[in-house]
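# Observations on the model geometry
Spelled out, the chains give:
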Amino acid sequence: MEPVQRTEREITYHVGWKRGKITPNQGKHLSADITHDVNDSIAGADVFGLNLRYLWRRAGTVNERMLWIVLPILPLLVFALSLWLVYRLAIQPY
């Protein structure tokens, strides 16, 4: 069986009051161009290196014993912080 030759066709769209046609790229992949431009623009940036070094590393786990200690204390700490914030707002001279 021979491969089927497909003809390129336009795609029409209608979104709200806008209408248009999308023509296919002739052998050109737009995503490759975009990633190439992005890589060129941030290749020397320190932020990119920071992202790779610190933000995408494996997350650590907490010991189960530590969770049993921290979880009961956390709601009490948040409640005390909320009371303190309400107190600070109440004594404002405005």
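Throughout what follows, the structure given in this document is the object of discussion. (Residues numbered from 1 in each chain as written. Predicted model: local features only at pLDDT ≥ 70, side-chain atom pairs only at ≥ 80, totals over all residues. Heavy atoms only, no water.)

Right, let's talk about the overall build of the chain for a bit. What the chain contains, in helices and strands, is three helices and two strands. The helix and strand sequence of the chain, counted from the amino end, reads β-β-α-α-α. Here the chain holds 94 residues, and 1% of them are scored as buried. Surface accessibility of the chain: about 10,100 Å² in total, with carbon and sulfur atoms responsible for 62%. (Helix = DSSP H or I, 4+ residues; strand = E, 2+ residues; numbered from the N terminus. Buried < 20%, exposed > 50% of the residue type's maximum accessible area, 1.4 Å probe, protein only. Areas by Shrake-Rupley, 256 points an atom, 1.4 Å probe, with all protein chains shown as cover.)

Together, Val62, Met66, Leu67, Ile69, Val70, Leu71, Ile73, Leu74, Leu77 and Val78 give the surface a local cluster of nonpolar side chains, amounting to about 900 Å² of exposed area. Residue class for Val70 comes out partly exposed when judged on its relative accessible area of 38%. (Patch = residues over 30% accessible without salt bridge, like charges linked within 9 Å, V, L, I, M, F, W, Y side chains within 5 Å. Salt bridge = Lys/Arg side-chain N within 4 Å of Asp/Glu carboxyl O.)

For the structure on display, the rule yields one salt bridge. As a salt-bridge pair, Glu10 and Lys21 come within 3.6 Å of each other at their nearest N and O atoms. Of this pair, Glu10 sits in the segment before β1 (11-15) while Lys21 sits in strand β2 (residues 18-22), and the two are eleven residues apart along the sequence.

Right, let's get into the pairing of β2. Two elements, β1 and β2, share five bridges in a ladder whose sense is antiparallel. Looking across to β2, one finds that His14 is bridged to Arg19. As consecutive antiparallel partners, β1 and β2 are separated by two residues, and within that stretch Gly16 has a phi angle of approximately 65°, a positive value. (Pairing = 2+ DSSP bridges.)

Glancing now at helix α3 (residues 64-90). The end-to-end C-alpha distance of α3 is 40 Å, a good match for the 39 Å that 27 residues give at a rise of 1.5 Å each. At Leu74, α3 shows its largest kink, close to 30°, and the proline Pro75 lies no more than four residues downstream. (Expected span 1.5 Å × (residues − 1). Bend = angle between axes of the 7 residues up to and from the residue.)

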